[in-house]
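Now for the letters of each chain:
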Amino acid sequence: MAVKGLGEVDQEYDGSKLRIGILHARWNKTIIEALVNGAKAKLLALGVKEENIIVETVPGSFELPYGTRGFLKNQFEKGEPLDAVIPIGVLIKGSTMHFEYICDSVTHKLMDLNFQLNIPVIFGVLTCLTEEQAEARAGLIEGKMHNHGEDWGAAAVEMATKFKF
Ligand code: RBF
């Protein structure tokens, strides 16, 4: 059987010196909350200090790329630069083409931001065909899948530690 999720990490990364931003959309609130909590729990477990986890929001997933750039700039100007950002959104397919356009453009733009901003921008966006698929991936359905937010927290600490500019 395939191992979904990060599987075994190659080593335990130490997040104690990192400042990590979580930027989440407000659409699909319950699922978002579970994912944000999963990401936070993993960051804390890897040593990131509570005061170094900064949470900000945007209206919907479409706003995540622009928001990520602004979030980074605001924190930098406050003298509290971020070492990685985890943008979190939940896109659920409706009956129009909205879903396809937003998924595609947001994914591309978040990928580009890794190179434009020179910090790891993690892909914390669920692109699901049904609400149930999203709930399962947020660990909200007992015995079905795990909370992907935990993977995003671990990915942020690993990437910010391993590959520093
Ligand atoms: N934002 C999400 O984060 N998840 C969604 O599933 C989602 N579905 C949307 C469906 C429609 C028809 C519209 C108009 C917007 C949707 N949005 C969703 C909001 C979108 O990401 C953005 O916040 C707004 O379009 C304002 O730019």
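Remember, predicted model here, so these are calculated numbers, not experimental data.

Engineer: Would you explain the sheet that holds strand 3 (residues 84-92) in this entry?
Structural biologist: Two orientations exist for strands paired in a sheet by backbone hydrogen bonds: parallel and antiparallel. If you walk across this open sheet you meet the four strands as 2-1-3-4, and the pairing is parallel. The open sheet has two free edges, formed respectively by strand 2 (53-58) and strand 4 (124-128), since each of these has just one partner strand. Sheet twist, expressed as the average angle between the axes of neighbouring strands with direction ignored, equals 20°. Taken strand by strand, helix 5 (residues 148-162) contacts strand 1 (20-25), strand 3 and strand 4, and its axis lies near 155° from that of strand 3.

Engineer: Looking at this model, I keep getting lost on the side chain of Thr68. Mind explaining?
Structural biologist: Note that Thr68 resides in helix 2 (residues 64-77). With a relative accessible area of 0%, Thr68 lands in the buried category. When residues no more than four places from it in sequence are discounted, the contact partners of Thr68 are Leu23, Val85, Pro87, Leu110, Leu113, Leu117 and Val121.

Engineer: Where do I start with the pattern of salt bridges in this structure?
Structural biologist: Any two side chains of opposite charge can pair, given that their charged atoms come close. All chains considered together, the criterion is met by seven salt bridges. Between Lys144 and Glu132 there is a salt bridge; the shortest N-O distance is 3.5 Å. Of this pair, Lys144 sits in the loop between helix 4 (131-137) and helix 5 while Glu132 sits in helix 4, and the two are twelve residues apart along the sequence. With a relative accessible area of 41%, Lys144 lands in the partly exposed category. Assessed through its relative accessible area of 45%, Glu132 is described here as partly exposed.

Engineer: I keep staring at the site of the ligand and nothing clicks. Help me out?
Structural biologist: Neighbouring the ligand are the residues Trp27, Asn28, Gly60, Ser61, Phe62, Glu63, Val90, Leu91, Ile92, His98 and Ile102. In the model, an oxygen atom of the ligand is placed 3.0 Å from a nitrogen or oxygen of the Phe62 main chain. Ile92 places a main-chain nitrogen or oxygen 3.2 Å from an oxygen atom of the ligand. In isolation the ligand has 540 Å² of accessible area, and contact with the protein removes 67% of it. Looking at the shell around the ligand, the elements that each hand over two or more residues are strand 3 and helix 3 (98-117). Here the shell around the ligand takes three residues from strand 3, the largest share from any one element.

Each value, and the rule that gives it
- Residues numbered from 1 in each chain as written.
- Predicted model: local features only at pLDDT ≥ 70, side-chain atom pairs only at ≥ 80, totals over all residues.
- Heavy atoms only, no water.
- Pairing = 2+ DSSP bridges.
- Helix = DSSP H or I, 4+ residues; strand = E, 2+ residues; numbered from the N terminus.
- Axes fitted to C-alpha atoms, helices over the stretch in contact; angles between N-to-C directions.
- Contact = heavy atoms within 4.5 Å.
- Buried < 20%, exposed > 50% of the residue type's maximum accessible area, 1.4 Å probe, protein only.
- Salt bridge = Lys/Arg side-chain N within 4 Å of Asp/Glu carboxyl O.
- Near = heavy atom within 4 Å.
- Polar contact = N/O pair within 3.5 Å; in protein donor to acceptor, adjacent residues only side chain to side chain.
- Areas by Shrake-Rupley, 256 points an atom, 1.4 Å probe, with all protein chains shown as cover.

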